[in-house]
Amino acid sequence: MIDNKTISSLRMLSVDMIEKAKSGHPGLPLGSAPMLYTLYKDFLNFNPEKPKWINRDRFVLSAGHGSAILYSLLNLFGFDVSIDDIKNFRQWGSKTPGHPEYGDTDGVDATTGPLGQGITMAVGMALAEAHMRSHFTVDGWSPVDHYTYALVGDGCLMEGISHEAASFAGSHKLGRLIVLYDSNNISIEGNTEITFHDDTLKRFEAYGWHTQRVEDGNDTEKIKEAIENAKKDERPSIIEVKTVIGFGAGSVEGSEKSHGAPIGEDNRKALVEKIKWNETEEFTVPEDVKENAAKIVEEKKKVYDEYKKKLQEYESKNPDKYREYIDWIHFKHEADLSKLLDSKEKDATRSASGAALQEVAKAIPNMIGGSADLGPSNNSQIKDSGFISSSDYNERNIHFGVREFAMAAISNGIALHGGLKPFCATFFVFSDYMKPAMRLAALMNLPVTYILTHDSIGVGEDGPTHEPIEHLAMLRSLPNFSVIRPADFNETVYAWEVAQKATKPTALILSRQKLETLKIESENLKYGAYIAKTEKDKLDLVVVATGSEVGVTMEASKILEDKGYGVRVVSMPSWDLFDEQDEEYRESVLPCGVKTASVEALSTFGWDKYTKGGLKIGLDRFGASAPGSELFEHFGFTPEKIADKLESFIKEN
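Conventions and cut-offs
- Residues numbered from 1 in each chain as written.
- Predicted model: local features only at pLDDT ≥ 70, side-chain atom pairs only at ≥ 80, totals over all residues.
- Heavy atoms only, no water.
- Helix = DSSP H or I, 4+ residues; strand = E, 2+ residues; numbered from the N terminus.
- Rg over C-alpha atoms; globule rule 2.2 N^0.38 Å.
- Buried < 20%, exposed > 50% of the residue type's maximum accessible area, 1.4 Å probe, protein only.
- Contact = heavy atoms within 4.5 Å.
- Lys, Arg positive; Asp, Glu negative; His and termini not counted.
- Charge placed at Lys NZ, Arg CZ, Asp CG, Glu CD.
- UniProt positions renumbered as here; feature names shortened; annotations may be inferred.
- Domains from an automatic or database assignment.
- Buried area = accessible area lost by both parts, 1.4 Å probe.
- Salt bridge = Lys/Arg side-chain N within 4 Å of Asp/Glu carboxyl O.
- Pairing = 2+ DSSP bridges.
- Axes fitted to C-alpha atoms, helices over the stretch in contact; angles between N-to-C directions.
- Parallel < 35°, antiparallel > 145°, perpendicular 65-115°, else oblique.
- Nonpolar A, V, L, I, M, F, W, Y, C, P; charged D, E, K, R; others polar.

Topic: the overall build of the chain
Here's step 1: Looking only at helices and strands, the chain has 24 helices and 20 strands in total.
Here's step 2: Here the C-alpha radius of gyration of the chain, 28 Å, is about what a compact globule of 653 residues would show, namely 26 Å.
Here's step 3: Seen through its C-alpha atoms, the chain measures out along the principal axes to roughly 90 × 60 × 45 Å.
Here's step 4: A buried classification covers 62% of the 653 residues belonging to the chain.
Here's step 5: In the chain, the share of contacts with a sequence separation of at least 24, taken over all contacts with a separation of at least 6, comes to 77%.
Here's step 6: Once the 75 positive and 100 negative side-chain charges of the chain are each reduced to a mean point, those two points are 2 Å apart.

Topic: the UniProt feature "binding site: thiamine diphosphate" (unreviewed entry) in the chain
Here's step 1: Mapped onto this numbering, the UniProt entry annotates "binding site: thiamine diphosphate" (unreviewed entry) at His 65, Gly 113, Pro 114, Leu 115, Gly 155, Asn 184, His 259 and Phe 430. A stretch of 366 residues holds the annotated residues, and the largest C-alpha distance among them is 34.5 Å, long enough that they do not meet in one place.
Here's step 2: Its place among the elements puts His 65 in the loop between strand S1 (58-61) and helix H3 (67-76).
Here's step 3: Among the residues examined, His 65 registers a relative accessible area of 14% and is labelled buried.
Here's step 4: Excluding anything up to four places from it in sequence, His 65 contacts His 25, Leu 28, His 99, Leu 115 and His 259.
Here's step 5: Examined against the element boundaries, Gly 113 turns out to sit in the loop between helix H4 (83-87) and helix H5 (117-136).

Remarks on the domain arrangement of the chain
Here's step 1: Domain annotation of the chain identifies domain 1 (1-300), domain 2 (338-516) and domain 3 (526-651).
Here's step 2: Of note, the centres of domain 2 and domain 3, computed from C-alpha atoms alone, are 25 Å apart.
Here's step 3: Facing 27 residues of domain 2, the contacting portion of domain 3 comprises 33 residues.
Here's step 4: Buried area between domain 2 and domain 3, both sides added, is near 2,300 Å², and the carbon and sulfur share of it is 58%.
Here's step 5: Inspection of the region where domain 2 meets domain 3 yields 3 salt bridges.

Comments concerning the pairing of strand S3 (residues 177-183)
Consecutive side chains along a regular strand alternate between the two faces of the sheet.
Here's step 1: Taken across its 7 residues, S3 has 7 buried, putting it largely inside the fold.
Here's step 2: Neither face of S3 is open: one carries Leu 177, Val 179, Tyr 181 and Ser 183, the other Ile 178, Leu 180 and Asp 182, and all of them are buried.
Here's step 3: Both strand S2 (residues 148-153) and S3 contribute to a ladder of 6 bridges, which runs parallel. In the sheet register, Val 152 faces S3, and the bridge partner there is Tyr 181.
Here's step 4: Strand direction decides the pairing type here: S3 and strand S7 (residues 237-242), joined by 6 bridges, are parallel. By the bridge assignment for S7, Ser 183 is matched with Lys 242.

Observations concerning the packing of helix H1 (residues 2-21) against helix H11 (residues 287-317)
Here's step 1: Where H1 contacts H11, the two axes come as close as 10 Å, and the packing angle between them is 105°. Taken as axis vectors, H1 and H11 run roughly perpendicular relative to one another. Two secondary-structure elements touch here, H1 through Ile 2, Asp 3, Lys 5, Thr 6 and Ser 9 and H11 through Asp 288, Val 289 and Asn 292.
Here's step 2: Among the residues forming the contact of H1 with H11, the class breakdown is 2 nonpolar, 3 polar and 3 charged.

Things to note about unusual backbone geometry
With the exception of glycine, the majority of residues adopt a negative phi angle, and the majority of peptide bonds are in the trans configuration.
Here's step 1: Phi is positive for His 454, close to 60°, though the residue is something other than glycine.
Here's step 2: Here His 454 lies in the loop between strand S12 (449-453) and helix H17 (471-476).
Here's step 3: Using a relative accessible area of 6% as the deciding quantity, one classes His 454 as buried.
Here's step 4: Non-glycine residue Asn 480 carries a positive phi angle of around 55°.
Here's step 5: Along the chain, Asn 480 falls in the loop between H17 and strand S13 (482-484).

In C-alpha cells, the structure reads:
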C-alpha cells in the first residue's frame, strides 16, 4: 500500500538525516510519522509554491525537537527543502536546523523547541484566523478561513504555559484549532509515570475542549476519522494518539534512549526489517512514493486555485472590503501622532502611551491586543472597541487573563499568522514571566509591541515584589529586540512612532507616577540618545539618564552649573537604537575622553558600555514598600543628592 510505503519513506529520511548529522531526535519522527502523513495528505491545505499563502492551514510542530519529520514532510510535498538540504541537517547555514526556525525554511510556520510555546503560538494563530474571518466575511465567504494544527508531546503538556494556552483557547471556543498529542509516555529521564500521570483528556475537557483518543498511532484510518470529527466540532480539539517512541528501532524502541540520539547502525537495520524497507541506499525516496506525493500536491494546488477564483469574485463584488483586506495583509496603515505632542500637563508615561495607543489604533485597524488582566492600569484598552469573545471575534481588545507567558506567546502566534499587528501589556516586573516568548519574538523578527508599565520604585507601596530592578538589563540583553524607556509625554509619543513602524519586537517601559513634560528635543528619540541639555562654556561631565530620571538629572545639572561646572545631560531612552547610529553621531552625543555618568533608578548592570568606567547612579538592590516619592528620596534620586554624587565624581582625579 502506497500510504504505508510513504510513511516508511518519511521514517527512513528522518533516521538517515539524524545518523548523518550524528545528532538529533529520532524517537518522535518514528512514532508520529503516520499521523503527520495523514494530516498533510488528507487535511492540510497548502501550496508549496506559495508557502506564505495567507489562507493556508497552519501547522506548528510544538515538539520542535522532532524537526526531522517536518523536514522530511516538506521535502516529500514539494517545498524548497531538497535532499541535499536533508543531508545538511543541523549543519552551518542549512535550511534544516536542529529545531524548526521561522524564516529559515519554507513551510515552517513557527520557531519551536522551547516546549509549550508551540501550542500557545498555535492558539494565537487560531485567534488571528477567527478575528480576520469574522471581519472579512461577506455573504458567507471570507478570504481568511482555515485551520490551525499543532503536534504536541508529553513535554509540551507538562509545561505550565500549555495549561494557560488551553484554558484561553477553551474559553474563546477556538474551534479551528486541532492539536495532535503524540502520547508515548516517555521523556528524557524515562517513563512519564515518574512525574506525569495526569488524565490529559479530562483536563482538556475541563478547559472546554473536544477530546478524542486513538489507541494505535499506526492506524491512519482512525487518525483520519478523529480529525474529521474534530473539524465538525465548534470547540478546540485535542486528539491523543498513542504512539511508540522510536517505533521499529530495535533495542531503543519504546525507550528514552531513542529520544535525543541517533539510533545507530544495528537499530537502523532492525527498523528496515520491521517496516520491510527494500531500498539499500540512504536518503532514498522511491519513485512511486514521489509520484504519490506529487499527486497529493496537485490536489492541494487545485484548492489554492479555487481559492484564487473565489478571491477574484470577492474583489469584484466587494471592492472596498477587498482593498481593506489587501491593506491589512501588507500593513499599509500608519498613524500620525503629531497632534498629541507638546502637552504641557504633568502626566505618567503610561497615560501618554494610552493616548498614543488610541491614535495608533484608529489609524491601524488591524492592530489588536490586550493586557494580562491589567488593562485599566496599563492604559492598554482600545476605547472604540469591545473584547473578543466566543460570541464575537470581530472586536479588537483581548482579555488575556492572568496569563503573562501565554499572552506573549499568543501575541507571537498572532504576528506569525499575518495580517494583524499585536500588542500586549502588563506591569514591567511581570516581564519575568514573558521573557521566553519575547526571546522567540526576537528570534523570529516579529513586530510585537509590549506595553510594560510601573517601571521602577515609583510603583511605591506595592513594594519590592512589584518594583522592577533588574528587568531593564534583562530585556536590553536580548538581541534584535528594541527597548524604549521614555522620559515624558512627548518622548512616549515618539516611542510609539518607532513601535508602530518597527519590524522587530519593541518594549515600551513606562512610569506609573506623573512626570513633567520636559523642554527637550524629544523628536530625536528615534536616534536612541540625544543631547537633552547642552553644557555652558565648557564640558566637565556628560550625564546620561533615562525615563523618570531625565527630569531630575536636568535639575541636578542646574545645581552644578550654578557652581560653575559644565554639564551635558543626555536622554537615552533606547540603548539599541543608539547603537544602530553611526560612530560620528554617537561620538557627538557621548564624546570620548569626557567623564561620563549614568542615572537610572534601576540596576546599573551594563551601563559601563556608555560611562566607560565612570559613575553609575542606580539601584543594585531590591526596593521597598512606601510611597514612591519617599523611595526616590531614600534611595538618592533627588536633584540635590544626584548633584552631590556628580560633583564628587567631577572632583576625582
